[in-house]
Amino acid sequence: NEAIRLDPTQADLYQMKAIALMSLPALNEAEENAHLIEAQNNLQIALKIDPNDAKVYQNLAISYLLSKKLDAALKCYEKALILAPKQDHSCLLKNLSLLYFELRDYEKALLDCEQAIQLGCKDREIYLIRGHCLFETSQFEQAIQNYHLAIHAGYHDASVYFNRAKAYSCLHQLDKALEDATRVLETDPSHLECYKLRGLILLSMHKDLEAYSDFCM
């Protein structure tokens, strides 16, 4: 604030203030929303000073995502992609693919995933996003291949095994589905959806008592 008072013409100062606001802890949802609105206002001021700064658009997109304004975030990411140097495109395309996934536009999400990978995206999350999109479009074998890639790249969060278990289950590869579902529950014993999934898998395997036990969790 003091730096802005001394020189209100520097776009970077407003951007740094916005980033700080988005990082501030909040006591409640109202306070968090107030921080996000103030951050967005500062980023808009930065854009008035320098309308061609791709990083400002990227941070504005992040603030809109946190505010659950997905359409506004999408426009900002698309603008950032136009303005950003080519070496930043793979990261932006990955973020765009995730946003399209949230908007349930799986075709565009897959297209952006492919472009990001072609441009050398090394982020292991890209395979997870692509796997989710393939699953949602009933391309279960390809989804499993991408979950394999995410795991091979070091992504060991329970979500990847849970989603791979669902894909195996859809292909009626029940032993593999059961193995992944069990792994999730060993890691996260409070994963309610996975108890439900494993119960359904066990029912399909005619293991009724074990299924009953999972459904009672």
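All values reported here derive from a predicted model rather than from experimental measurement.

Colleague: Could you clarify how one ought to interpret helix H7 (residues 106–118) in this entry?
Modeller: A turn of α-helix holds 3.6 residues, and therefore any two residues three or four places apart point the same way. With 13 residues, H7 ought to run about 18 Å at 1.5 Å a step, and its terminal C-alpha atoms sit 18 Å apart, in line with that. Three or more residues of H7 are buried, namely Tyr106, Ala109, Leu110, Asp112, Cys113 and Ala116. Down the axis of H7, the buried side of the element spans an arc of 165 degrees, and every buried residue falls inside it. Residues of H7 that are exposed and point over 90 degrees away from its buried face: Glu107, Leu111 and Gln118.

Colleague: Would you mind showing me how to read the packing of helix H8 (residues 125–136) against helix H10 (residues 158–170) here?
Modeller: Taken N-terminus to C-terminus, the directions of H8 and H10 make an angle of 30 degrees; their axes are 11 Å apart at the nearest point. By the angle between their directions, the pair H8 and H10 is classed as roughly parallel. As for the relative orientation of H8 and H10, their crossing is left-handed in sense. Packed against H8, whose contacting residues are Leu128, His132 and Phe135, the element H10 presents Ser159, Val160, Asn163, Lys166, Ala167 and Cys170 at the interface. When its residues are assigned to classes, the contact of H8 with H10 shows 5 nonpolar, 3 polar and 1 charged.

Colleague: Looking at this model, I keep getting lost on helix H11 (residues 174–187). Mind explaining?
Modeller: The end-to-end C-alpha distance of H11 is 20 Å, a good match for the 20 Å that 14 residues give at a rise of 1.5 Å each. When H11 is considered as a whole, its buried residues turn out to be Leu174, Ala177, Leu178, Asp180, Ala181, Val184 and Leu185. Taken around the axis of H11, the buried residues stretch over an arc of 170 degrees, which confines them to a single face. Relative to its buried face, H11 has exposed residues pointing more than 90 degrees away, namely Asp175, Glu179, Glu186 and Thr187. Looking at the buried positions of H11, the neighbouring elements they touch are H10 and helix H12 (192–204).

Colleague: Teacher, can you tell me more about the environment of Ser90 here?
Modeller: Looking at the secondary structure, you find Ser90 in helix H6 (residues 89–102). As for Ser90 and Leu192, which are separated by 102 residues in sequence, their C-alpha atoms are 35 Å apart. Sequence-distant contacts of Ser90, that is, excluding residues within four places in its chain, are made with Ala116, Leu119 and Cys121.

Colleague: Help me understand the pattern of salt bridges, please; the structure alone is not making it clear to me.
Modeller: Where charged atoms of side chains with opposite charge meet at close range, the side chains can pair. Tallied over the entire structure, the rule returns 8 salt bridges. Asp105 is the partner of Lys108 in a salt bridge, and the nearest nitrogen-oxygen pair spans 4.0 Å. Relative accessible area serves as the criterion here: at 26%, Asp105 is assigned to the partly exposed category. A salt bridge links Arg198 to Asp214; the nearest nitrogen and oxygen atoms lie 2.6 Å apart. A residue pair is termed long-range when its members are at least 10 positions apart, and Arg198 in helix H12 and Asp214 in helix H13 (residues 208–215) qualify at 16 residues. Overall, Arg198 belongs to the buried group, its relative accessible area being 17%. The buried category is assigned to Asp214, whose relative accessible area is 5%. Taken together, the shared-partner salt bridges connect Lys94, Asp123 and Glu125 into one network.

Colleague: Honestly, a nonpolar patch on the surface in this entry has me stumped. Any pointers?
Modeller: A cluster of nonpolar side chains, Leu200, Leu203 and Phe215, forms an exposed patch at the surface whose accessible area comes to about 260 Å². Looking at the secondary structure, you find Leu203 in helix H12.

Colleague: Got a minute to help me understand the packing of helix H5 (residues 70–83) against H6 in this structure?
Modeller: To describe two helices that pack against each other, one gives the angle between their axes and the distance between the axes. Remark: H5 packs on H6, axes separated minimally by 10 Å, with the N-to-C direction vectors making an angle of 160 degrees. One element, H5, and the other, H6, form an angle in the roughly antiparallel class. With respect to the hand of their crossing, H5 and H6 are arranged in left-handed fashion. Seen from H5, the contacting residues are Leu70, Ala73, Leu74, Tyr77, Glu78, Ala80 and Leu81; seen from H6, they are His89, Leu92, Leu93, Asn95, Leu96, Leu99, Tyr100 and Glu102. Split by residue class, the contact of H5 with H6 holds 11 nonpolar, 2 polar and 2 charged.

Colleague: Please clarify how the environment of Ile117 should be interpreted in this entry.
Modeller: Structurally, Ile117 is set in helix H7. Separated by 10 residues in sequence, Ile117 and Tyr127 have C-alpha atoms that sit 9.0 Å apart.

Scoring rules and cut-offs
Here the residue numbering is sequential within each chain, running from 1 through the sequence in written order. Only residues with pLDDT of at least 70 are given local features in this predicted model, and only at 80 or more are side-chain atom pairs given and counted; all residues enter the totals for whole chains, interfaces and linings. For the side-chain quantities, the full set of heavy atoms in the structure was used; hydrogens and water were omitted. Think of it this way: any DSSP run of H or I at least four residues long counts as a helix, any run of E at least two long counts as a strand, and we number them from the N terminus. What a helix is expected to span follows from its residue count: subtract one and scale by 1.5 Å. Remark: exposure states derive from per-residue accessible area (1.4 Å probe, protein chains only) relative to the maximum for the residue type, with buried under 20%, exposed over 50%, and partly exposed in between. This arc is built from the directions going out from the helix axis to the C-beta atoms. Comment: axis = line fitted to C-alpha atoms, over the contacting stretch for helices; angle = value between 0 and 180 degrees taken between N-to-C directions. Orientation labels follow simple angle bins: below 35 degrees gives roughly parallel, above 145 gives roughly antiparallel, 65 to 115 gives roughly perpendicular, and whatever is left gives oblique. Should the near helix be turned anticlockwise from the far one by less than a right angle, the crossing is left-handed, and should it be turned clockwise, the crossing is right-handed. The contact rule is simple, with two residues in contact once any of their heavy atoms fall within 4.5 Å. Three categories are distinguished: nonpolar for Ala, Val, Leu, Ile, Met, Phe, Trp, Tyr, Cys and Pro, charged for Asp, Glu, Lys and Arg, and polar for the others, with Gly belonging to the last. Salt bridge, as applied in this entry: a Lys or Arg side-chain nitrogen positioned within 4 Å of an Asp or Glu carboxyl oxygen. The patch calculation keeps residues exceeding 30% relative accessible area without a salt bridge and links them within 9 Å when they carry like charges or within 5 Å when they are nonpolar (Val, Leu, Ile, Met, Phe, Trp, Tyr). For accessible areas, the Shrake-Rupley method is used with a probe of radius 1.4 Å. Any residue's cover is judged against the shown protein chains and nothing else.

Remember that the coordinates give geometry; whether it matters functionally is a separate question.
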